[in-house]
Each structure stands twice: as C-alpha cells, then as structure tokens.
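Here are the chains, one letter per residue:
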Amino acid sequence: MFVDKAKIYVKGGDGGDGLVAFRREKYVPEGGPAGGDGGRGGDVIFRVDEGLRTLMDFRYQRHFKADRGVKGRNKSQHGANAEHMIVRIPPGTVLIDDDTQEVIADMTRHGQQVVVARGGRGGRGNIRFATAANPAPELAENGEEGQERYIVMELKVMADVGLVGFPSVGKSTLLSVVSAAQPKIGAYHFTTITPNLGVVDVGDGRSFVMADLPGLIEGASEGVGLGHEFLRHVERTRIIIHVVDMSGSEGRDPFEDWVKINDELRQYNAGLIERPQIVAANKMDMPESEANLAAFREKVSELRPDLEIMPISSLTRQGVQELLYRATDLLDSIPVAPVVEEVAETKERKVYKLEAEEDNSFTITRDNDAFVVSSPRIERMLKRMQLSTHDAILKLARTLRHMGVDAELRKRGAVEGTIVRIADFEFEFVENSSYY
C-alpha cells in the first residue's frame, strides 16, 4: 500500500534531574556540596533513507519519544546524556508543524537530517549553587521538559518525469511498456489511485525515473476527486509528459482535455506551467486520431507555439522510443536539483529563548478567597526547582519579592494566611516573613 501522508506525535527526552548531595568521606572535613547535574534528554531526529518509498511505517507507529537524561550522581558526577532517536523517512518528505502550519524542513537528499523535537536540558546539581554566602546549598533543579509537537508528513514522489492527464488516457500502459513497472490497468476510470514509479532504460546508456500519477479531473485544484492527493506529487517532477487521448474514445475533445489539465496545474501551483512539458498524443492507432491531431496542433499553436507534440501509441509502441529520447535530452538540459520548499529562517523558530529575553511581568486574579498569580517566568521556575528543601523555598520567596509579587498581593488585600496559587503550587501568604 502506498501511503503519502501521515500525522505523528514527537517528543524530545526530558532532562535528568540534578542531585542534592554532600561529600561524606573519611579524612575530608567539611566536604561541601557534591551533587552532579542531570544529563540532557535525547533529540528526535528525522533522517532521509533512499531505500524507503512510502510513509507506511508511520501508519502503525505514530508516537516517537526520545529517552530522558540520567539523573545527576554524587561525587559531582554528571548524569549521562540520552541517545538521540533516529527516525528514517523517505526522500521527498515535507515536514509541517500541525499547530502553526510552518514547514519545518523539506527532506530530499539521502542522509539529510533535521531535529524535529529537541531534548530538555539537565537540571543543575547543588554544586552549581554554592557561593561564598551559602557554601552548602540544599538546592537542585529538575530536568527541563523535552519539546513536543504534532507533525504532518507529506510525501512528494521524487521522479524525473511525471505522466499527467485525464483518467484512462493510457498513462499506466505507457509506463508498463517503457519500464519493468507493473501498474494495475483496467477499462475504467481511476484504475490508478496511487503513484507508480518505474526506471526507464532509454537504450543508449541513459535512464531516468518515470512516475505514473493518478488521473486528474476538472476541479482537482480545489480538492475534487483525488485532488491535492495527486497534485502534491507533480511538484517534484523535473519535466511533465502530458498524455492526451487523441482518439477521443471517451467522448471528450483532446484540446479541451489539455486546457483543463493545465488550468488545474496553474491553479494549484503557478510554477508548474513553467515546468518543461511534452504532449504525448496517445492512441494514434485509432481511426479518428490523425484528424484530431491536426486540429489539436492548430489550436495549441495559437496558445503555445513552442510546445512539443509527439504522436505515440502505447499499444503498438509507435513513437514511444522517440518520446523517450526527447525526454532524456530535455532532462540533460535542465538542473538535477529537485524543487524544494523555501523554509525561512526566523527568530520564532528557536526552540528555547534566553532567560534575558523573558520579562518579569505577571498578573494576579481572584478565585473566591484565593489569589492566582500567573507569570511565565515563575511557572517555569516552579517546574525546574525541587521545592522539597528549605533553600528552594527561600529562593522562590526572594524571586517573588524582587519581581514585586508580594507587594502587589498586599495592595490587593492579601493578609496573613491568604491562599496564593501559582500553577499547581499553593501556599499561604505570610506577612513580614523572615524569608524576605
């Protein structure tokens, strides 16, 4: 089964917690703090593997979580950093953040990799908080949480030549004739519902990859029929072979078919019209094809006099070899580099911001008899600090005082014993506390 779109959840590993410890060794008086830092959590990294062709693996496994860092140890030993999680993806995959719809990366080259979820930093042990005023702090930090996000993965087939056209014009038949691919072929519309790829050996030592792409219908650029599920793959092809049923066996006019397909390509992505295009006038073995071809050439010359029109018959193989030679010559004349998404480097794409960039703003609201304090800086501090020690409580109290939270609480009417809530942390307000 060909799967070309998937939505997954990724999470970087949490950092390891720092440790509160002291040296207690014989003959080492007043050993001092010796709690080590926690290790860094692992990153989730996507790496391109040219051996993969679909996103089938992500249909069954949708959650990817890296390991967390190891906790700090005594004797000032740093906890081990976690191993990164490497996830293999096929070339041609576009990674999109599901919340912001921002393109994270466009993965096209074998071995290319990108970090999609960074691991959290390890917490600091008490050895980091030792000062001349407090040489034996009982203070340590929890590890930072790893980044988490939902990612939409879209696979755009990487092919040199893409076959486009209305359903049942002979695209799959042409691919089966010129390559070893064996696409499903039937006498009904939409026989092909997923892209088929085949390697074409031209015969003169040259070769290229051809993709038989699902048939288009009018309104596809707006999602009608296979819609965007098809058009996504056209973007990657270096040249387009537009297969037209010149016999009109489906009761349609060949020129109108050509115009409609080009309109859909233009509406989806205006750049596709600039892509080199060859019209393969197929089914020339049918009786009415010659007359239709003459009328087709006359009408097309008024719009695109430079457009190449090559008569072929996939059934009798008439003109097929000439088409392959021309397609190969055209490929040799244009750059090999695939078309990729432009991913802007913006400040907002930083995973972490420096503490200096954070302000000291806070808001205080009333919840019945309790006061609720909201502040990104304080809430982040509560997540990091291990509030099980006296020193940690003192540090929190000093921070609240320096930010002006306690003064504002007094203005709002807080008195001794008033409940104050910050995130999940709740405590009683103490007037004239010695902590301050």
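Residues numbered from 1 in each chain as written. Predicted model: local features only at pLDDT ≥ 70, side-chain atom pairs only at ≥ 80, totals over all residues. Heavy atoms only, no water.

In the annotation of an unreviewed UniProt entry, the protein chain is listed under the name GTPase Obg and assigned to Paenibacillus jilunlii. Heading Function (unreviewed entry) of the UniProt record for the protein chain holds this comment: "An essential GTPase which binds GTP, GDP and possibly (p)ppGpp with moderate affinity, with high nucleotide exchange rates and a fairly low GTP hydrolysis rate. Plays a role in control of the cell cycle, stress response, ribosome biogenesis and in those bacteria that undergo differentiation, in morphogenesis control." (UniProt positions renumbered as here; feature names shortened; annotations may be inferred.)

*Asks:* Looking at this model, I keep getting lost on the sheet that holds strand E6 (residues 103-107). Mind explaining?
*Replies:* Neighbouring strands of a sheet are bound in pairs by backbone hydrogen bonds; such pairs are parallel or else antiparallel. The strand order E3-E1-E8-E5-E6 describes an open sheet built from five strands, whose pairing is mixed. Across the chains shown, the open sheet's two edge strands, defined by having one partner strand only, are strand E3 (63-65) and E6. Recorded for the sheet is a direction-independent mean angle of 25° between the axes of neighbouring strands. Relative to strand E8 (residues 148-155), strand E5 (residues 93-97) is paired through five bridges, and the arrangement is antiparallel. What sits directly across from Val94, in E8, is Glu154. (Pairing = 2+ DSSP bridges. Helix = DSSP H or I, 4+ residues; strand = E, 2+ residues; numbered from the N terminus. Axes fitted to C-alpha atoms, helices over the stretch in contact; angles between N-to-C directions.)

*Asks:* Please explain unusual backbone geometry as it appears in this structure.
*Replies:* Trans peptide bonds make up most of the peptide bonds, and negative phi angles are found at most residues other than glycine. Even without being glycine, Lys75 reaches a positive phi, approximately 60°. For Lys75, the position within the fold is in the loop between E3 and strand E4 (85-89). Overall, the relative accessible area of 58% leaves Lys75 in the exposed class. Located in the positive-phi region is Gln101, a residue other than glycine, with phi close to 60°. Here Gln101 falls in the exposed class, since its relative accessible area comes to 52%. (Buried < 20%, exposed > 50% of the residue type's maximum accessible area, 1.4 Å probe, protein only.)

*Asks:* What's the story with the packing of helix H7 (residues 376-384) against helix H8 (residues 390-403) in this structure? I'm lost.
*Replies:* Helix-helix packing: each pair is described by the crossing angle between the helix axes and the interaxial distance. For the pair H7 and H8, interaxial distance at closest approach is 12 Å and the crossing angle is 175°. With respect to their mutual orientation, H7 and H8 come out roughly antiparallel. Between H7, through Arg377, Ile378, Met381 and Leu382, and H8, the contact on the second element is made entirely by Lys395, Leu396, Thr399, Leu400 and Met403. (Parallel < 35°, antiparallel > 145°, perpendicular 65-115°, else oblique. Contact = heavy atoms within 4.5 Å.)

*Asks:* Can you walk me through helix H6 (residues 320-332) in this structure?
*Replies:* One full turn of an α-helix is made of 3.6 residues, so residues set three or four places apart face in the same direction. The end-to-end C-alpha distance of H6 is 19 Å, a good match for the 18 Å that 13 residues give at a rise of 1.5 Å each. Looking at H6, one finds that the buried residues are Val320, Leu323, Leu324, Ala327, Thr328, Leu330 and Leu331. Viewed along the axis of H6, the buried residues span an arc of 160°, placing them on a single side of the element. (Expected span 1.5 Å × (residues − 1). Arc of directions from axis to C-beta.)

*Asks:* Just to check I follow, could you spell out the sheet that holds strand E17 (residues 419-422) for this structure?
*Replies:* Strand order in this open sheet of four strands is E15-E16-E17-E18, and the pairing throughout is mixed. A strand with exactly one partner marks an edge of an open sheet, and here the two such strands are strand E15 (363-367) and strand E18 (425-428). Strand after strand, the sheet turns through a mean of 25° between neighbouring axes, direction not considered. By the bridge criterion, four bridges tie E17 to E18 in an arrangement that is antiparallel. Within the sheet, the bridge partner assigned to Ile422 lies in E18 and is Phe425.

*Asks:* Could you clarify how one ought to interpret the nonpolar core in this entry?
*Replies:* In a soluble, globular protein the nonpolar side chains are often hidden away together inside. In this structure, Leu174, Val178, Phe208, Met210, Ile241, Leu323 and Leu324 are the most contacted members of the largest nonpolar core, which totals 37 residues. Apart from residues lying up to four places away in sequence, Val178 is in contact with Val199, Val200, Asp201, Met210, Val320 and Leu324. Core analysis: the next-biggest nonpolar cluster, separate from the first, contains 22 residues, Ile89, Met107, Val114 and Val116 among them. (Core = buried A, V, L, I, M, F, W, Y, C linked by side-chain atoms within 4.5 Å.)

*Asks:* Sorry if this is basic, but what is going on with the pattern of salt bridges here?
*Replies:* Pairing is possible between side chains of opposite charge, provided their charged atoms come close. This structure, assessed with the given rule, holds 24 salt bridges. Among the ionic pairs, Lys7 bridges to Asp98, the shortest N-O distance being 3.0 Å. Of this pair, Lys7 sits in strand E1 (residues 5-11) while Asp98 sits in the loop between E5 and E6, and the two are 91 residues apart along the sequence. The partly exposed category is assigned to Asp98, whose relative accessible area is 22%. Measuring nitrogen to oxygen at the nearest pair gives 3.2 Å for the salt bridge that ties Arg238 to Asp160. Remark: Asp160 occurs in the loop between E8 and strand E9 (161-164) and Arg238 occurs in the loop between helix H3 (228-234) and strand E12 (239-245); sequence separation between them is 78 residues. Both residues of the pair, Arg238 and Asp160, belong to the buried class. (Salt bridge = Lys/Arg side-chain N within 4 Å of Asp/Glu carboxyl O.)

*Asks:* Before we go on, may I ask you to explain the packing of aromatic side chains in this structure?
*Replies:* The relation between two aromatic rings is expressed through the spacing of the ring centres and the mutual angle of the planes. Tallied over the full model, the rule gives six aromatic pairs. Considering the side-chain rings of Phe425 and Phe427, the 5.6 Å spacing of their centres and the 40° angle between planes classify their relative orientation as tilted. Classification of Phe425 as partly exposed rests on a relative accessible area of 24%. Taken together, the aromatic side chains of Phe255, Trp258 and Phe296 make up a single cluster linked through ring pairs. In this structure, Lys7 is placed above the aromatic ring of Tyr150, and the distance from its NZ or CZ to the ring centre is 5.3 Å. (Phe/Tyr/Trp six-rings, centres within 6.5 Å; stacked < 30°, edge-to-face > 60°. Lys NZ or Arg CZ within 6 Å of the ring centre and 35° of its normal.)

*Asks:* Can you walk me through the pairing of E8 in this structure?
*Replies:* Side chains on a regular strand alternate between the two faces of the sheet. Of all the eight residues making up E8, six are buried; the element is thus mostly covered by neighbouring parts of the structure. Examined bridge by bridge, E1 and E8 share seven bridges and lie antiparallel to one another. The residue bridging Lys7 from the neighbouring strand is Val152, located in E8.

*Asks:* What am I meant to see in the side chain of Asp37 here?
*Replies:* Mapped onto the fold, Asp37 is located in the loop between E1 and strand E2 (44-48). Only 2.8 Å separates the side chain of Asp37 from the backbone nitrogen of Gly125, close enough to count as a polar contact. Apart from residues no more than four positions distant in its own chain, Asp37 is found in contact with Lys71, Gly72, Gln77, His78, Gly79, Gly123, Arg124, Gly125 and Arg128. (Polar contact = N/O pair within 3.5 Å; in protein donor to acceptor, adjacent residues only side chain to side chain.)

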